[in-house]
Amino acid sequence: MTMKKVLVTCLLLACIFPAFAQKIYQINEVSEINLGDGRYLYRDAKKEKPLNGEFRIIDGYRSQYVQAEFKEGMFDGKYQEYSRNELRREGAYKEGRKNGLFREYVGGALTQEYTFRNDTLDGAVISYFQNGKVSRSSFFKNGREHGNFKEYNHETGEVRSDNNYENGLGHGRQWAYLQAKYDYTRTYTCEHGKRVGKYEERFADTDTPKVLGQYENGMKTGCWLEFNDLGDTISLENYVNNLLDGEKVVFSNSGVREEIQHYKGGKKDGLFVVLDYSTGKPKRETNYKNGRKNGAERVWVTSNRNNFIETYTYVNDRRHGPYEAVYQADKQQNIKEGTLKSKGQYRADNRSGHWISYDITGKIEKEWDE
């Protein structure tokens, strides 16, 4: 045999022998034992011997297989997952634990890569769109978020969120671009997972405020303002320890006051007023105590015949006590302001006792008992 033929034969043998060295198992030919520490032991089901070397384990039902190196029955070395002969995931193990760089693929395109140390995420984690652009970049340390996290727009590549972490907790500046009817940005600061200091949302196209507020030790505090896209105030709230406390004002989209409310410790407490949009005058005034209606409630009623004002008495959210209705002034009908229209009593939300109704001159029209 010539030297040339010897070299050719050696090369052929070098290519063939590794293929024969790799053993193929069907999934039911391998037993899997949970070691209880996150690792698994794989054995030849018939021989009950741990796998050693490189093997392909096939799941015929799902056209999937794993091709990996084993040592004493545990993954150790190169590891790959395939589906319909297409590589889906690859990485490396050491003594049964993920160790090193892992990559994931869809349709042959890289979708994610990340690093494990002793079965724990540690290092950069990068995700990709199908077009190859980065969709997310982040960092982990000992399995926890640690460092800068960014998300990107799949078309432009522009940053859509930019957050910072320390030992798994938000720490530092947090920023995001959010899509809604009017896109806006949100910015705040965290210290060890708790929001602190200034909070703001701003309309993306005009860079004008949408929400302005303040946090202290993770809780809303002080005055919070919300605006529409034209710059009009649509709500004003006051907070103490993350609870509504004090006056709250609700405005229409044109900046006209619609409601004035009062809270204490997150519960309705004090006078609530609903205002007429066109005149700014009250439509309803209700007194609350500890989250429930207590005391007088006045309701301005518009009628085809005569306008009037009803006054109810509430106890623990139920009408209970005197009721009175008085006519509103009307010069054309010669009705004086405060002329009595009707009176009676409520008990446990139902009419009770003697009731009287009056005409516009103050004369009794009807009397009855409930």
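Everything numeric here is computed off the predicted structure, so don't read it as measured data.

A. Layout of the side chain of S127. Secondary-structure assignment places S127 in strand β12 (residues 120-128). Every residue in contact with S127, bar those within four places of it in the chain, is listed here: T111, Q112, K133, V134, S135 and R136.

B. Structural view of the domain arrangement of the protein chain. Partitioning the protein chain into structural domains gives domain 1 (22-94) and domain 2 (119-231). Placing the centre of domain 1 and that of domain 2 at their C-alpha centroids yields a distance of 41 Å.

C. Molecular detail of the confidence of the model for the protein chain. Across the protein chain, the average pLDDT comes to 93, with 94% of residues at or above 70. This model gives residues 1-20 a pLDDT under 50, and the stretch forms three contacts once residues within four places in sequence are excluded.

D. Region of the structure containing the sheet that holds strand β2 (residues 30-34). With respect to topology, three strands assemble into an open sheet ordered β2-β3-β4, the strand pairing being antiparallel. Of all the strands in the sheet, just β2 and β4 (49-50) have a single pairing partner and so form its edges. Across two bridges, the pairing between strand β3 (residues 40-44) and β4 is antiparallel. By the bridge assignment for β4, R43 is matched with P50.

E. Expanded view of the pairing of strand β18 (residues 172-178). Direction of pairing for strand β16 (residues 159-166) relative to β18: antiparallel, over a ladder of two bridges. Directly across from D162, in β18, lies its bridge partner W175. Pairing between β18 and strand β19 (residues 184-191): seven bridges, direction antiparallel. Within β19, the residue paired with A176 across the bridge is R186.

F. Inspection of the pairing of strand β34 (residues 321-327) at higher detail. Among the seven residues of β34, five are classified as buried, and the element is accordingly described as predominantly covered. Pairing between strand β32 (residues 308-315) and β34: four bridges, direction antiparallel. Its bridge partner being in β34, T311 is matched across the sheet by E324. Note that β34 and strand β35 (residues 340-347) share six bridges and pair antiparallel. Paired with E324 across the bridge in β35 is K343.

About the thresholds
Residues numbered from 1 in each chain as written. Predicted model: local features only at pLDDT ≥ 70, side-chain atom pairs only at ≥ 80, totals over all residues. Heavy atoms only, no water. Helix = DSSP H or I, 4+ residues; strand = E, 2+ residues; numbered from the N terminus. Contact = heavy atoms within 4.5 Å. Domains from an automatic or database assignment. pLDDT = per-residue confidence, 0-100. Pairing = 2+ DSSP bridges. Buried < 20%, exposed > 50% of the residue type's maximum accessible area, 1.4 Å probe, protein only.

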